[in-house]
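# Summary of structural features
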Amino acid sequence: MNPMTKKQIAKDFLMKCANGDSREAFKLYVATNSFKHHNVYFKGDAETLMLAMEENDREMPDKIFEIQRTLEDGDLVAVHSHFRENTEDLGWAVMHILRFEEGKIVELWDISQVVPKNMPNENGMF
């Protein structure tokens, strides 16, 4: 059996979190004692972020999370996604950057930008 690549782990982690299974995602993929994240709205530990993701799932059960592209460079994986609260929402372009050590996620950054209703760029955001 081939082990999962960092890109596969990053994608599965984010999809599990988006689909209401953040506890399993953290259990499978996050380093137990060394994880930290950089979301400025929450404390920087794994438990706080996992609980926030669970709350997000309760508040937005119809959300749509679509991964557009994934890049890997050494111990870093970047995942560019489209997040929407529901089918009517234009949503956000989201970039997650995950840092790995020994096959586990040890650090996470997330950056987002609102998808504007009217944009002059004919190429769009995705």
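Let me sum up the structure you'll find in this document. (Residues numbered from 1 in each chain as written. Predicted model: local features only at pLDDT ≥ 70, side-chain atom pairs only at ≥ 80, totals over all residues. Heavy atoms only, no water.)

### Describing the side chain of serine 81
Assignment of secondary structure puts serine 81 in strand β3 (residues 76-84). Sequence-distant contacts of serine 81, defined by excluding residues within four places in its chain, comprise Phe65, Glu66, Ile67, Gln68, Trp92, Ala93, Val94 and Phe126. (Helix = DSSP H or I, 4+ residues; strand = E, 2+ residues; numbered from the N terminus. Contact = heavy atoms within 4.5 Å.)

### Some thoughts on the pairing of strand β5 (residues 104-114)
With two bridges connecting them, strand β1 (residues 36-37) and β5 associate as parallel partners. Note on β5: the bridge partner recorded for histidine 37 is leucine 108. Sheet topology places strand β4 (residues 92-101) next to β5; ten bridges connect them, and they run antiparallel. Looking at the pairing, glutamate 101 lines up with lysine 104 of β5. Hairpin connection, β4 to β5: the antiparallel pair is bridged by two residues, and glutamate 102 has positive phi, about 50°. (Pairing = 2+ DSSP bridges.)

### With respect to the pattern of salt bridges
Under the defined criterion, the tally for this structure stands at eight salt bridges. Of the charged contacts, one joins glutamate 66 and arginine 84 as a salt bridge, the two residues approaching to 3.7 Å between their closest N and O atoms. Note that glutamate 66 is positioned in strand β2 (residues 64-73) and arginine 84 in strand β3, a separation of 18 residues in sequence. The partly exposed category is assigned to glutamate 66, whose relative accessible area is 33%. The shortest N-O distance in the salt bridge between arginine 99 and glutamate 101 comes to 2.9 Å. The exposure class of glutamate 101 is partly exposed, given its relative accessible area of 41%. Because the salt bridges share partners, they merge into one network encompassing Lys36, Arg99, Glu101 and Glu107. (Salt bridge = Lys/Arg side-chain N within 4 Å of Asp/Glu carboxyl O. Buried < 20%, exposed > 50% of the residue type's maximum accessible area, 1.4 Å probe, protein only.)

### A closer look at helix α3 (residues 46-59)
Taking 1.5 Å of rise per residue, 14 residues should cover 20 Å, and α3 covers 20 Å from first to last C-alpha, within 8% of that figure. Of the residues making up α3, those classed as buried are Ala46, Leu49, Met50, Ala52, Met53 and Glu54. (Expected span 1.5 Å × (residues − 1).)

### Observations concerning the layout of surface pockets
The volume enclosed by the largest pocket comes to roughly 780 Å³. Lining the largest pocket are 25 residues; nearest its centre among them are Asn39, Asn56, Phe83, His96 and Asp110. The set of elements that each furnish at least two residues to the lining of the largest pocket consists of α1 (6-18), α3, β4 and β5. Broken down by element, the lining of the largest pocket gets its largest block of residues, six residues, from α3. (1 Å grid on protein atoms, 1.4 Å probe; cavity = no way out; pocket = protein on both sides within 12 Å on 5 of 7 lines; lining within 4 Å. Points joined across faces, edges and corners; volume = space filled by probe spheres on them.)

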